[in-house]
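Chain by chain, the residues run as shown.
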Amino acid sequence: MSLEQFKNRNVGTQAYKMIESEPTPPTGMGRFERVVKRTFKGELFVGLGVTMREMINALFKGEMHTIKYPMEKLPISPRYRAIHDMLRLLESGHYRCIGCGLCEKICISDCIRMDTRYDENQRKEVTEYTINFGRCIFCGYCAEVCPELAIVHGGRYETASEQRASFSLFEDMLTPIDALKQQKEFDGFGAVTPNADNAIKKTPLAY
Amino acid sequence: MSNEITIKIDGIEYKTQEGEYILNAARANDIFIPAICYLTRCSPTLACRICLVEADGKRVYACNAKAKDGMEIVTSTEEILEERRAIMEVYDVNHPLQCGVCDQSGECELQNYTLEMGVDSQSYMIPDTKRETINWSSVLHYDAALCIVCERCTTVCKDMIGDAAIKTGPRGGASLDKSMKETMPKDAYAMWNKLQKSVIVPSNGTDETNCSDCGECIAVCPVGALVSRDFVYTTNAWELKRIPATCAHCSSGCQIYYETKPTSIEDTTEKIYRVTNEWNYVSLCGAGRFGYDFENRVEGKNPEAFERAVEALKKADTIRFNSVITNEEALMLQTLKEKLGLKLVNPDAYAFQNFLREYGKPAGKLLYGSDFKEVMKTDFVVSVGAALRSDNPNARYAFNNIQKMNKGAGLYFHPVGDNLVPTFGKSVECVAHKPGLEEAALYLVLDLFADKERLPEEIVSYLDSFHSKGTKIIKEKVMEDVTETVVDKETGESKEVTKKVPRMVEKEIEVDQNALLDLLGADANFPETFEKMMKKKESFSMIIGEDLYFHPKSENLAKLVALIEKACDMKVAMIPPKTNSLGVALICDLDESAEGYTVGYNEAGDFRLDALGEGDLDMPAMNQQEGTLTTMNKRVTPTNAALEYHGYELNDLMRALKFGRHLTVDWTPLLASRKGYQEALFDELPNGYSNSGEEQRGYALKNPGKRASNAVPEKFDESIALEGEIAYRCNPQRQFNDFTDKAHQIFESFSLYASKSKAEALGERVEIDFDGETLICDVVADERMEGDIVKIPDFKSAKDIYTLFGRDRYKNVTIRKV
Amino acid sequence: MEIVNVAVLPEVTSAGVIIKAIIILAIISAIAGFGTYLERKVLAFMQRRLGPMHVGPYGLLQIAADGIKLFTKEDIVPQNANKLIFKIAPTITAATAFIALAAVPVFPDFTIPEWIPLLGGVFVPSIAADINIGILFILGMMAAGLYGPLLAGMAQANKWGIIGSARTAIQFLSYEVVTGLSILAPIMLVGSLSLVDFNNYQSGGFGSWMMWQQPVAFILFLIAGFAETNRTPFDLLEHEAEIVSGYATEYSGMRWGMFFIGEYANMITVSVLAAVVFMGGYNDLGFVAGWLIVVLKIAFVFFLMLWVRASWPHIRPDQLMWLCWKVLMPIAVINVVITGFVMMV
């Protein structure tokens, strides 16, 4: 479905259908006639038919709507903004975060903190990273601004816990190293758009 | 000064001074002209060429072109914009794109100007060269890959600091395609051509800089190429909270920003990550930039210790303190003296106070007449009695800056030889006289510079007594006519030709001989050199150092200084010995010696109040308290608390004694009771610089005049000159006091400092005998020192160096190997 | 269930009647509870939901869980309530509902085996009180049931309760008339008030069902039955969207549970009446046994109530009265008159 019809907020031009409602008859007899007409029209049975049909659909055609939530879960959109994940590089397994601090800067609820240091390989190393989920409003700016697509929104929307701290440290959010193969590339908020290659200009390189 | 002129920038008229650079004129009037390589107070480098403007229809560089009356300047035309954009594109060629991990990200001028010029695509390319990251010294970290070779670091190091420790060196990159010259804008091409050939290297040819580690190059670096080793990758610029303050290490009182942030995620107490400055208008030294973590971390208040402190103050006879305190604290101590009748002992400020008083009598004013800002504008500077390299960095910067920027000259009188000062400029003459002969030096200054008509007659005749007629053999070039017979080969004719041929002739001439010069050990050619130095010089200044205050005949010296100021049209500025010595000298009535029960404030005593965390009751350090400092530029400048302090302050003690105010800063307006100070509320004191570089910090001290006495200086006493083994009380560079020493990035140890040859002779460890009292310390060779005098630092109050040296700064000692 | 000749029946002892009463109480209470489960399930299915699923297999033990909940809930009596009446009211609802069931035949007769001590050999009749005016008794008791909601609503000192009471009075009283008039025509045809006679009247197979002879009466009876049992679309007594919970607003725990059981017991009573009076009773239908066919009929009527609840909106009180007095009652009267004429002719 294209987004066009949602972007058109000019209600009057859309194909809405007005329901015709006849005026109430002025005379008592007229009203009585209307009652009789409606009574014998059998509309009430249409209602009964609808519910019966739905029951049959639900019971025998597998069109039950209910999901038994804790046991079954609905798939969520990649754009859903749940608890953050920190991704790793697929080849090396090293975490992607370079400690640039842009997420920290852009965070509108000021809940991201990181500690960095100059490591032995003359690189910037993130020694600790934390998000205060008591404050986080899951706006997704951090994922959008991240130049490395290191911090993304994961699918963990069940954020009840005995302690807030259960989510907030680097290791809690980082893809476990043994689960690296299952790590999925994020295509939600802030991810590279499909036509990104066409949208940027190439930098000339001498080699 | 110079005349006011009117220029037109983008069609609007502005007033400026004649001879001002267009860029500075624009900046002073809040007009933006992009510029990367230019530093106010330093010479234009012309490396970036981005400050291109059109003046009267001609393209000029705003940092380099002087404004003329009626000049019409256009800051941006289409052509200029194209040029600037090309320049920024070139800067971006091969510049690493990992802004995320760059320390400068967020305050990077390359980022800013790239955005400003709207660079959204790249037209140029060249193969990259591998450039290594290197640590130049214990504090300097240079990432050549990030360097855009704007040369601000080399410029500031040469023109302001004087070390000239770094220079541009070869990069070894591919050379530009010559065809580019036709196709790209010409300034961008020229800039690129230079950029592609150079990187910054230490100028001594090694991988390590041999400098004073002031870190000013870090401050001026527009990109992340130069960063302090301690700071690198620890935080991003935008996370830091900037707290404007006044540096508390020496008497310069430089304006600084403490930049703080919580220590880590676990530990949320604020920590100072670095110190920055308005580098266009103030230059810091290594102590100011790196010696910031001297705070006194106190967990909480200790009421028992507080009670004991109140009792101690009640029964105290003497308070011993040093000058690393604020004006407010000094006033509190003075209040204690007045109310409780105690004695106030502060050796450094006491000597300075006496000197100022003796100077004030004949000079007819409270304070020295000028300051270092004024000194910096002169073109001939004389320094007497100051160890320029270590006593006060800003005095040294001023001395150096005069040589570099004003085509100036300098005379440096000091007994301890120094090989850095002569490198400040070609017209710097050093006179290493014997300690004790400072009087003679001042008489020489009188002789050289004074308008004899304004001198008292006895002085004129006294000065004349040193002059004698002597003869001197000089070699002179004489042109002689020589006639030769030349045979023309073609015609065979011989012809006589007369030629002029130079010939050296020895000649005896009559010269004026000055016995003072001989006495001071000046160079034999001094008169000629001096004559050259004096050429085209218009304004003169003199820097007075600590040696004079601690001189046995300091009273006479003070009179001489007053006389020089009067008779020579010299701008005189003095260097207060310690941080707030000037403030203490003006606020407190000091006593010479301690007696009875002594309370020490940051000093030894029977009860010790201490901001170093070693005493009986903790006090806040300078970066933990509000207050004002009196700087050597005769300003009262505010400083702010950068870090939390949980303990008691001096004001709490005052309140317990019923003399206190609600807050420490409530004492600030009370300073008005002391001469020179104003009734100003602390919260209304500004602390910054205007766009034109005008210092808007606190207020300037008043210098009230009074009736001048007609005291005539005495004749000098040659006999007090010291001979033999001499120790000089002088700190190494970057060390000023206990607080500097506490900072983790200041490594200079408490040792005996000596010139290389002397250090070799002394060995590794020595015992120094001060007439019975001894001090044992290591020997450190200082490559910049010359001669046999050794330096003993006084920055550790625990070593009680002031007592060892007594009233003098030079002392005959016996040094034994241990 | 067989047609039993009264003459050969063993003597009906008071012990047998008491046992029967206890059995009816137990079974109907259980069925009423099960009815709530069925209602939730059917409504859920019709909305393509699952309904209760987690307590027991397919949520079957939900009734037990609800029972435990109702029994263990705190019994709250409002401060300003008339405490005696407040406490009695639910009992009236439940009691009248069960008393009405006394005249309804439930399960065949049986004799308790001899080996069981104490009660051995006692004969338990199918009908607790086999009176010959069964229908009248049932209708009477159900009408008396109006006192439950009426008193409950008035006793609890709550405005919603008062409104609920008022609606109870108008709705139950009004529709009692329609019920009576609608069922009068079949009574005229059968000439008896005994449910057994009704059953026997319709023993001629599918075609002999009363609903074919009296379709108007059947429809009127169903509509009135919905109103009598306070079911959608006539659930105005405790309509949540308008009056919170009507007469039951202040009730909680088991007191509220008794209203609930009473309502479901009434639903069963109405279902049984509809099945016996109009839908051929417990006569065998072809090869299908009579007892099974009557259970199916009762179940269908019960299901119809749920189905209607799932499908239809409810009406306004004024529409309710309008329908009763201006439409249903005249039709019922006309139906009686026509029936009379037909019988005369």
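Residues numbered from 1 in each chain as written. Chains lettered and ligands numbered in written order. Predicted model: local features only at pLDDT ≥ 70, side-chain atom pairs only at ≥ 80, totals over all residues. Heavy atoms only, no water.

J.: What's the story with the overall build of chain B in this structure? I'm lost.
T.: Scanning chain B from N- to C-terminus turns up 25 helices and 39 strands. Computed over C-alpha atoms, the radius of gyration of chain B comes to 29 Å, within 12% of the 28 Å expected from 2.2 N^0.38 for 818 residues, which places it in the range of a compact globule. With respect to the principal axes defined by its C-alpha atoms, chain B has extents near 110 × 75 × 60 Å. Across the 818 residues in chain B, those meeting the buried criterion constitute 60%. Of the contacts formed within chain B by residues at least 6 apart in sequence, a portion of 74% connects residues at least 24 apart. When the accessible surface of chain B is summed, it comes to about 33,400 Å², and 46% of that surface belongs to carbon and sulfur atoms. Each charge class in chain B was averaged separately, 98 positive and 131 negative side chains, and the resulting centres sit 2 Å apart. (Helix = DSSP H or I, 4+ residues; strand = E, 2+ residues; numbered from the N terminus. Rg over C-alpha atoms; globule rule 2.2 N^0.38 Å. Buried < 20%, exposed > 50% of the residue type's maximum accessible area, 1.4 Å probe, protein only. Contact = heavy atoms within 4.5 Å. Areas by Shrake-Rupley, 256 points an atom, 1.4 Å probe, with all protein chains shown as cover. Lys, Arg positive; Asp, Glu negative; His and termini not counted. Charge placed at Lys NZ, Arg CZ, Asp CG, Glu CD.)

J.: Which parts of the structure should I look at to understand the packing of helix α15 (residues 438-449) of chain B against helix α16 (residues 457-464) of chain B?
T.: A pair of packed helices can be characterised by two numbers: the angle between their axes and the separation between those axes. Residues and elements named next belong to chain B. Between α15 and α16, whose axes approach to 11 Å, the crossing angle comes to 100 degrees. Considering their axes alone, α15 and α16 lie roughly perpendicular with respect to each other. Contact with α15, carried on its side by Y443, L446 and D447, involves I459, Y462 and L463 of α16 and no other residues of that element. For the contact of α15 with α16, the per-class residue count stands at 5 nonpolar, no polar and 1 charged. (Axes fitted to C-alpha atoms, helices over the stretch in contact; angles between N-to-C directions. Parallel < 35°, antiparallel > 145°, perpendicular 65-115°, else oblique. Nonpolar A, V, L, I, M, F, W, Y, C, P; charged D, E, K, R; others polar.)

J.: Got a minute to help me understand the environment of P215(C) in this structure?
T.: Positionally, P215(C) belongs in helix α9 (residues 215-228). With 101 residues separating them along the chain, P215(C) and E114(C) place their C-alpha atoms 48 Å apart.

J.: Looking at this structure, how should I read the environment of P176(A)?
T.: Inspection of the secondary structure assignment puts P176(A) in the loop between α7 (170-173) and α8 (196-199). Separated by 89 residues in sequence, P176(A) and L87(A) place their C-alpha atoms 9.2 Å apart.

J.: Just to check I follow, could you spell out the sheet that holds strand β19 (residues 428-431) of chain B for this structure?
T.: Hydrogen bonds between backbone groups are what pair the strands of a sheet, and the pairing can be parallel or antiparallel. Residues and elements named next belong to chain B. With parallel pairing, the 5 strands of this open sheet are ordered in space as β19-β17-β16-β22-β23. The sheet is open, and its two edges are formed by β19 and β23 (570-574), each paired on a single side. Each adjacent strand pair in this sheet contributes to an overall mean axis angle of 15 degrees, direction not counted. When strand β22 (residues 540-544) meets β23, the two strands line up parallel, connected through 5 bridges. Across the sheet, residue M542 finds its bridge partner in β23, namely V572. Across the sheet, helix α18 (residues 526-533) lies against β16 (380-384), β17 (409-413) and β19, angled at about 140 degrees from β17, the strand it touches most. (Pairing = 2+ DSSP bridges.)

J.: It is not clear to me how the confidence of the model for chain B should be interpreted in this structure. Could you clarify?
T.: Residues shown with low pLDDT carry predicted positions that ought not to be read at fine detail. Per-residue pLDDT for chain B averages 90, and the proportion of residues at 70 or more is 99%. Our summary of model confidence lists the complex with pTM equal to 0.77 and ipTM equal to 0.76. (pLDDT = per-residue confidence, 0-100.)

J.: When you look at the domain arrangement of chain A in this model, what are you seeing that I'm missing?
T.: Put simply, an interface is often sized by how much accessible area is lost when its parts join up. Partitioning chain A into domains gives domain 1 (24-65) and domain 2 (84-192). Domain 1 of chain A and domain 2 of chain A are separated by 55 Å when their C-alpha centres are compared. (Domains from an automatic or database assignment.)

J.: Any chance you could explain the interface of chain B and chain A here in plain terms?
T.: Listed by partner, the interface residues are 23 residues for chain B and 24 residues for chain A. Together chain B and chain A conceal approximately 1,900 Å² of surface at their shared face, both sides included; 62% is due to carbon and sulfur atoms. When the buried area of chain B at its contact with chain A is split by residue, Y233(B), W238(B) and I265(B) rank highest and sum to 34% of it. Counting every contact that joins chain B to chain A gives 0 salt bridges. (Buried area = accessible area lost by both parts, 1.4 Å probe. Salt bridge = Lys/Arg side-chain N within 4 Å of Asp/Glu carboxyl O.)

J.: Even after reading the chapter, I still don't get a positive patch on the surface, so can you show me in this structure?
T.: Residue and element names in this part refer to chain B. A cluster of basic residues, K66, K407, K532, K535 and K536, forms a positive patch on the protein surface. By secondary structure assignment, the location of K66 is in the loop between β4 (58-61) and β5 (72-74). Owing to a relative accessible area of 45%, K66 belongs among the partly exposed residues under this scheme. (Patch = residues over 30% accessible without salt bridge, like charges linked within 9 Å, V, L, I, M, F, W, Y side chains within 5 Å.)

J.: Would you explain the sheet that holds β5(B) in this entry?
T.: Residue and element names in this part refer to chain B. Here 5 strands make up an open sheet; going across it, the order is β2-β1-β5-β3-β4 and the pairing mixed. Each end of this open sheet is capped by a strand with a single partner; those strands are β2 (12-17) and β4. Strand-to-strand twist in this sheet, taken as the mean axis angle between neighbours without regard to direction, amounts to 40 degrees. Sheet strands in contact with helix α2 (residues 78-92) are β3 (52-55), β4 and β5, and its direction is about 160 degrees off that of β3.

J.: Can you walk me through the pattern of salt bridges in this structure?
T.: Oppositely charged side chains may form a pair once their charged atoms are brought near each other. All names here are of chain B. Applying the stated criterion to the full structure yields 67 salt bridges over all chains. Taking the shortest distance from any N to any O, the salt bridge between E695 and R697 comes out at 3.1 Å. For R765, the salt bridge identified is with D778, shortest N-O distance 2.6 Å. Of this pair, R765 sits in strand β34 (residues 765-770) while D778 sits in strand β35 (residues 773-781), and the two are 13 residues apart along the sequence. Of the residues examined, R765 reaches a relative accessible area of 38% and is grouped as partly exposed. When its relative accessible area of 34% is taken as the criterion, D778 is described as partly exposed.

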